[in-house]
Amino acid sequence: MSNKRKIISAVLLFVIVGLVYVGNFAIQYAYIGSSYNAKTVCSCMFVSGRDLENIKSEDLYAVPFSTIKVDEVKKVVTANIYGLAETKAIYRKGLGCTLVNELSEEEIKKQPSVPSADTLTENLLMADDLGEIDKIALEKSINEAFQEKDPQHVIRTRAIVVLHNGRILTEKYAPKIKPETPLLGWSMTKSVTSAMIGLLVKDGKLDIKKSAPIAEWQNDERKKITIDHLLRMSSGLGFEENYATPSDATQMLFRKKGAGAYALLSKAANEADKVWLYSSGTSNILQEIIHRQFATQADYFAFPYQRLFHKIGMKSAVLEPDASGTFVGSSFMYATARDWAKFGQLYLQDGVWNGERLLPEGWVKYSATETPHSDGKYAAHFWLDHRDKTFPQDAFMAVGFEGQYVTVVPSKNLVIVRLGCTPTDDFNHSALVKGVVAAVK
């Protein structure tokens, strides 16, 4: 073969390989995008009770080109992207929506339901004495958090609730959102997963300083990883937290039947406790650990409701499982702004509710203690802001994508909840917190 023909053959081979790679990438991206849209529409419609057109106009900005079909009788949503990929999400009462991944719809529906509470009387009361509050400054801070100043960078604040001394100091909602509307917490769910770990620690079933009870890790260097390392995002596991492309995170959340089962396949990339790396896979590994502590699926499903949500009156809370029946502990929990505030209030009260200790003594302090190597911004499945010295230094936060926040400020007896859909994820949370704190004299 002549040199010219060799060159032409090499170029053709390169082009063919490139086309195959691009085609495979496009198909993967299409499946992830269609899964994202099917899951989002399903949960927003059947958990939050929002209308389809509003969801399309506000929540599907990342993948706006899919075709959505909704069966409101069967409560099933399918999303199709240019015929390349079609995915389905199904709604089950009490469990929210689940993507049909690697298992059939019939297999998923065989899973048990979540138990309902006999009585839930824990309602938040309005503050009846605002004598120590600068009401004008407080109202100004809240209103500014709803203002749309730049049409190119919308913030879409949907709800704000502020608790002071355990009572509602103020609350405000976007036009199509009500106090009864459950809203997605995204990664605030991680803090709920941490609370579930805390409950098992209190029961004596888990020890966060011992090797994580994962049989698959016991024959390699991962056996040195503890639950404490996982809670502080310092496990050393390699995990790609990238949502703009097919990655570990997007595969885990939108393509696999078991988020935790997929994440625990991650290999050690660093020695444990030496590097801080934010990873949603870590939180789902923790949920996999939690799941394995229960003899039956029904007991596992009941656990967060009977031991946490029902105890503090979070009647709207919906923690959604993956197809395998494990809660997606990194990302998929819905609750009203008031109920998210109750979760923050539990932490403000050191894990005690109505005189009953729910979380182990010292758990809240541990959850709010800065993790080494995190540059002052992370504790144990809660966030900090120790870099900004004008921010209340005792504050700690559950934080989620698109600007979800439950902020606890112990020195002011405050819990500040902000829920929204900020595409650029740059809601000025610091300004809101500082404004509210300044208004409380």
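Heads up: these notes are all about the structure in this document. (Residues numbered from 1 in each chain as written. Predicted model: local features only at pLDDT ≥ 70, side-chain atom pairs only at ≥ 80, totals over all residues. Heavy atoms only, no water.)

### Regarding the state of the cysteines
Step number 1: Tallied over the entire structure, the rule returns one disulfide.
Step number 2: Each disulfide pairs two cysteine sulfurs, and for Cys42 the partner residue is Cys97, the sulfurs being separated by 2.1 Å. With the S-S dihedral at roughly -75°, the linkage between Cys42 and Cys97 falls on the left-handed side. One end of the pair, Cys42, is in helix α1 (residues 3-46); the other, Cys97, is in strand β4 (residues 96-99), with 55 residues separating them in the sequence.
Step number 3: Residue classification places Cys42 among the buried residues on the basis of a relative accessible area of 0%. (Disulfide = S-S within 2.5 Å. Helix = DSSP H or I, 4+ residues; strand = E, 2+ residues; numbered from the N terminus. Buried < 20%, exposed > 50% of the residue type's maximum accessible area, 1.4 Å probe, protein only.)

### Regarding helix α9 (residues 280-291)
Step number 1: Between its first and last C-alpha, α9 extends 17 Å over twelve residues, near the 16 Å set by a 1.5 Å rise per residue.
Step number 2: Most of α9 sits inside the fold, with twelve of its twelve residues counted as buried.
Step number 3: If you check which residues of α9 are buried, you get Ser280, Gly281, Thr282, Ser283, Asn284, Ile285, Leu286, Gln287, Glu288, Ile289, Ile290 and His291.
Step number 4: Elements in contact with the buried residues of α9: α5 (188-202), α6 (227-231), α7 (248-254), α8 (259-263) and α10 (297-309).
Step number 5: Sitting at the head of α9, Ser279 places a side-chain oxygen 3.2 Å from the backbone nitrogen of Gly281. (Expected span 1.5 Å × (residues − 1). Contact = heavy atoms within 4.5 Å. Polar contact = N/O pair within 3.5 Å; in protein donor to acceptor, adjacent residues only side chain to side chain.)

### Observations concerning the side chain of Thr181
Step number 1: Along the chain, the position of Thr181 falls in the loop between β6 (167-173) and β7 (183-184).
Step number 2: A relative accessible area of 7% places Thr181 in the buried class.
Step number 3: Within the structure, the side chain of Thr181 is placed 3.0 Å from the backbone nitrogen of Lys178, a separation counted as a polar contact.

### Structural notes on the packing of aromatic side chains
Centre distance and the angle of the planes are the two values used to describe a pair of aromatic rings.
Step number 1: Evaluated as defined, the whole model comprises 24 aromatic pairs.
Step number 2: When the centroid spacing of 4.8 Å and the interplanar angle of 45° are considered together, the rings of Tyr347 and Phe382 count as tilted. Of this pair, Tyr347 sits in helix α11 (residues 337-348) while Phe382 sits in the loop between α12 (363-367) and β12 (396-400), and the two are 35 residues apart along the sequence. Per residue, the accessibility class of Tyr347 equals that of Phe382, and both read buried.
Step number 3: Geometrically, the ring pair formed by Trp363 and Tyr366 is tilted, given 5.3 Å between the ring centres and 45° between the ring planes. One end of the pair, Trp363, and the other, Tyr366, are both in helix α12, three residues apart, so they sit about a helical turn from each other.
Step number 4: Residue classification places Trp363 among the buried positions, given a relative accessible area of 3%.
Step number 5: Classification of Tyr366 by relative accessible area gives buried; the value is 17%.
Step number 6: These aromatic residues form a ring-pair network of at least three members: Tyr36, Trp186, Phe254, Phe332 and Phe401. (Phe/Tyr/Trp six-rings, centres within 6.5 Å; stacked < 30°, edge-to-face > 60°.)

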